[in-house]
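The lines below spell out each chain.
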Amino acid sequence: MTGGRMRFFRNRPWIVLLAFFILAPLGGCGSRANHDETTANKPARPTIVFMTDFGTANDAVAICKAVIIGIVPDVRIMDITHQVTPFSIEEGSRFLAGVTPYYPAGAVFLVVVDPGVGTSRKAVIVKSKKGQFFVLPDNGLMTPVANRYGIEGVREITNPAWMIDDKVSSTFHGRDIFSPAAAHLAAGEDWTLAGPEVKDLVRLSPVVATVDQKGITGEVIALDDPFGSLITDIQGEDFKKLGYTMGQKVTVTIDKKPSTFPYVKTFMDVPVGQPLLYVDSRGRVGFALNQRDFSKAYKIAPPVSVFIPRKGE
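Residues numbered from 1 in each chain as written. Predicted model: local features only at pLDDT ≥ 70, side-chain atom pairs only at ≥ 80, totals over all residues. Heavy atoms only, no water.

Draft legend 1. Spatial organisation of the packing of aromatic side chains. If you walk through the whole model with that rule in mind, you get 12 aromatic pairs. Seen in terms of ring centroids, Phe 261 and Phe 294 are 5.7 Å apart; in terms of plane orientation they differ by 65°. Their pairing is edge-to-face. Within this pair, whereas Phe 261 is found in strand β11 (residues 257–262), its partner Phe 294 is found in helix α8 (residues 294–298), the two being separated by 33 residues in sequence. Aromatic pair Phe 267 and Tyr 278: ring centres 5.1 Å apart, planes at 65°, arrangement edge-to-face. On the criterion of sequence distance, the pair formed by Phe 267 in the loop between β11 and β12 (275–279) and Tyr 278 in strand β12 is long-range, its members being 11 residues apart. (Phe/Tyr/Trp six-rings, centres within 6.5 Å; stacked < 30°, edge-to-face > 60°. Helix = DSSP H or I, 4+ residues; strand = E, 2+ residues; numbered from the N terminus.)

Structure, rendered in structure tokens:
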């Protein structure tokens, strides 16, 4: 560049700045495109969705996660809860059924609610017809998911290569069998290598509300912790067929004791501390106190019976 041209640009710095702002984005287009292409081609991180009744007051959950990461370091572990009521297979199955619709095919669910650990009950991998995998004890945990999606296949976990080592304990299969098996699945290994095919799963006999000419008879099946609201097995659609409209009072019998509650849409439709009947986010009839604990106030703990009469009965 000649001295005259240098003086031209030195006396007009705005030209240099203008050129920078025009050309800089163009220079970055190639790298941005390459970044987007790399991101698009990068495989999704494997996901394990984890639930137990271990609680959080000990090291059991952390140990299981350490086993998983030791096998598949880039795995993403999502926790459902580790506060399942100890030994409650029914509650674990309900929580599992509640979350599966929100995860895609290929997700691996690791569930350890296992009162029969160390016995002849099978440790299995189940593949649903939705394409999700479930690593859990064969004790009924799969029942509602199996009823919803159907089962593509089941394998018993017997292959030592899919376990922690040859020293499997009789009391901690979450660490020794279920966690390593889930990790091998998340790593993309062939699930049929885990062990032999299983023909039939153990199934729960779920409690189902019944409808007749008088009304609906059901059960309080759980509490919506930590709020203490009652969860029932009465479907909202069945309740609506009884003839009640929003805002009306409904007299129900819970644990053989009659009470009257307004049927409303939200908790704030009643004053703070007042009771209500509502249809919850899962489509079931529930009972609550606005900003209070219904279970404690009414001294109710599941399971107890519930009866809701038809309007006018």
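Read on, since the account is not over.
Draft legend 2. Quick look at the packing of helix α3 (residues 60–71) against helix α6 (residues 173–186). It is the contact of α3 with α6, at a shortest axis distance of 9 Å, that shows an interaxial angle of 40°. In this structure, α3 meets α6 at a crossing whose hand is right-handed. Of the residues in α6, those touching α3 at Ile 63, Cys 64, Val 67, Ile 68 and Ile 71 are Gly 174, Arg 175, Ser 179, Pro 180, Ala 183 and His 184. Partitioning the contact of α3 with α6 into residue classes produces seven nonpolar, three polar and one charged. (Axes fitted to C-alpha atoms, helices over the stretch in contact; angles between N-to-C directions. Left-handed = near helix turned anticlockwise from the far one by under 90°. Contact = heavy atoms within 4.5 Å. Nonpolar A, V, L, I, M, F, W, Y, C, P; charged D, E, K, R; others polar.)

Draft legend 3. A look at the sheet that holds strand β2 (residues 76–81). Pairing is mixed in the open sheet, where six strands are placed in the order β2-β1-β3-β5-β4-β6. This sheet does not close on itself; its edge strands, each paired only once, are β2 and β6 (151–156). Adjacent strand axes in the sheet meet at a mean angle of 20° when their direction is disregarded. Two elements, strand β1 (residues 47–52) and strand β3 (residues 108–112), share five bridges in a ladder whose sense is parallel. Within β3, the residue paired with Met 51 across the bridge is Val 111. Set on the sheet, α3 makes contact with β1, β2 and β3; between it and β1 the angle comes to about 160°. (Pairing = 2+ DSSP bridges.)

Draft legend 4. The side chain of Thr 232, seen in detail. Mapping Thr 232 onto the fold places it in strand β9 (residues 229–235). From its side chain, Thr 232 meets the backbone nitrogen of Ile 234 in a polar contact 3.1 Å long. From its side chain, Thr 232 meets the backbone oxygen of Val 285 in a polar contact 2.7 Å long. When sequence neighbours within four positions are dropped, the list of residues in contact with Thr 232 reads Glu 219, Val 220, Ile 221, Arg 284, Val 285, Phe 287 and Val 306. (Polar contact = N/O pair within 3.5 Å; in protein donor to acceptor, adjacent residues only side chain to side chain.)

Just geometry here; none of it tells us what the structure is for.
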